Amino acid sequence: VSTDWASLIEPLASGPRENGTAQLEHALLFIETQLKASGLAVTSFEYSGHPYRLRIAGLLALVGGSSFAWLLHKKKTPWALLILVITAGSLVLDFDYGLSLFSSVGAVQERHVLALVPSAQPVQSRLIFSSHVDTKTDLFDHVQRAPLDVATPILLLFMFLGCALKVLRKAAMLSGLTLGLGLFLTLSAGAFLNQRSHGAIDSGAGCMVLLELAQTIGRSPLQHTEVQFVFFSGEEVGIEGSEAWLRSAPLPLKTRVLNLDGVGASASLAFLRAERYTARGYLPDETLVEALSAAHEKINHHPIHRTWYPASTDARAFLSHRIPAVTVASDLPEHEIQRGLHSSQDQSSRISAAALEATTEILLETARQLDAAQ
Ligand SMILES: [Zn+2]
């Protein structure tokens, strides 16, 4: 591999590409042009996206949490309980099933860009390489928001118990205010920040690797595996883009998915140990993990790292539709967690050409192994 990575940095990792903005469409157009220049057949998938979905959810949590506390303070316990059930219930329905009372607010037409490379011999299966093009900016990164993630079930428990037990009423009020404000700051406050994330590691670098893979596999297709490249939008708003695609585009063949999210910072790779919703979770596919591990061992001469933490990526949408998938990210020295994602720190200076090259080679080797194994 000897790619002019620098030429991909400007269009894919040097500015925000937020859902519903012209910058995102600009990046998608660039990807389209690159794929066509590689001689590939390019298509689009259009869907109705909701760029403000999480911002609205945070606002709903703030209003719900403070109303709950106020009603409890006024000793209107049944009303407090009702508000609690409605707020918590509608947030879980929104996050886990895409059913929102406010789902039509600020809806815009969005799209993914896709390309397919047919197999050289009669096709037996499909391998999807995916990454997301869109970015977002939040007040907190994944580490800063972790305490709230951990505390949420405990706060909710206090809120429910406080409706039944007088002695816990104060604690319940405080829990409601804390959770409401915490979710507002986590989900909504990023809308007001001036410095936006350039989404270099999350996940412009993944898109760069995908373009390189598309060019290479386009030149020499796999034997019995057709390879599809999917550039998703709508990932940073609760994985709604990939969910929309999977709902309306049933995949006919035996399909497997290698999703890239957080690559480009290191030549060593990791895979995410699990993909989670609020109330359920999925494990990555074992066959994919084995092929990835073997390829990683071959190119890097040490095992691929399994993260100790779960995450929510586009692989989650595939797994919830029973399609084998795994998400690959960079493994930093000492297995450190990538900080400052969804913030202005996620800049192109974090991307290294060596990391992009190694990632491309490992994924190419993985694809060839999966193809040869059938
Ligand atoms: Zn991402």
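Structure report, in brief. (Residues numbered from 1 in each chain as written. Predicted model: local features only at pLDDT ≥ 70, side-chain atom pairs only at ≥ 80, totals over all residues. Heavy atoms only, no water.)

### Re helix 6 (residues 169–187)
Line of reasoning, step 1. When the terminal C-alpha atoms of helix 6 are compared, their 27 Å separation across 19 residues agrees well with the 27 Å that a helix rising 1.5 Å per residue should span.
Line of reasoning, step 2. Along helix 6, the residues that are buried comprise Arg-169, Ala-172, Met-173, Ser-175, Gly-176, Leu-179, Gly-180, Gly-182, Leu-183, Phe-184, Thr-186 and Leu-187.
Line of reasoning, step 3. The secondary structure elements touched by the buried residues of helix 6 are helix 3 (53–73), helix 4 (77–97) and helix 5 (146–164). (Helix = DSSP H or I, 4+ residues; strand = E, 2+ residues; numbered from the N terminus. Expected span 1.5 Å × (residues − 1). Buried < 20%, exposed > 50% of the residue type's maximum accessible area, 1.4 Å probe, protein only. Contact = heavy atoms within 4.5 Å.)

### Re the coordination of the zinc ion
Line of reasoning, step 1. Coordination of the zinc ion by the protein involves His-132 (NE2), Asp-202 (OD), Asp-261 (OD) and Asp-261 (OD), with metal-donor separations of 1.8 to 2.6 Å.
Line of reasoning, step 2. Geometry at the zinc ion is irregular, judged from the four donor atoms that bind it and their angles of 52 to 142° at the metal.
Line of reasoning, step 3. Written as a sequence motif, the donor residues of the zinc ion are H-x69-D-x58-D. One end of the pair, Asp-202, is in helix 7 (residues 200–219); the other, Asp-261, is in the loop between strand 5 (254–260) and strand 6 (269–271), with 59 residues separating them in the sequence. Pair check on accessibility: Asp-202 and Asp-261 agree, each one buried. (Donors = N, O, S within 2.8 Å, 3.2 Å for Na, K, Ca; no water. Tetrahedral: all angles 85-135°; square planar, octahedral: opposite > 155°, others 65-115°.)

### A word on the sheet that holds strand 2 (residues 108–117)
Line of reasoning, step 1. If you walk across this open sheet you meet the eight strands as 1-2-4-3-5-10-6-9, and the pairing is mixed. In this open sheet, the two edge strands, each paired with only one partner strand, are strand 1 (41–49) and strand 9 (305–306).
Line of reasoning, step 2. Strands strand 2, strand 3 (125–132), strand 4 (225–232) and strand 5 of the sheet are contacted by helix 7, whose axis makes an angle of about 145° with strand 3. (Pairing = 2+ DSSP bridges. Axes fitted to C-alpha atoms, helices over the stretch in contact; angles between N-to-C directions.)

### Describing the nonpolar core
Line of reasoning, step 1. Counting 55 residues, the largest nonpolar core has Leu-35, Phe-129, Met-208, Phe-229, Phe-231 and Ile-351 as its most contacted members.
Line of reasoning, step 2. For Ile-351, the contacting residues outside a window of four places in its chain are Ile-9, Ala-13, Ala-200, Ile-201, Ala-205, Met-208, Gly-264 and Leu-356.
Line of reasoning, step 3. Residues Ile-128, Ala-249, Leu-251 and Ala-315 belong to the second largest nonpolar core, which totals 19 residues. (Core = buried A, V, L, I, M, F, W, Y, C linked by side-chain atoms within 4.5 Å.)

### Describing unusual backbone geometry
Line of reasoning, step 1. In this model, Asp-202 is joined to Ser-203 through a cis peptide bond whose omega is 0°.
Line of reasoning, step 2. Among the secondary structure elements, Ser-203 is positioned in helix 7.
Line of reasoning, step 3. Phi at His-335 is positive, roughly 55°, even though this residue is not glycine.
Line of reasoning, step 4. Of note, His-335 is situated in the loop between strand 10 (325–330) and helix 11 (353–372).

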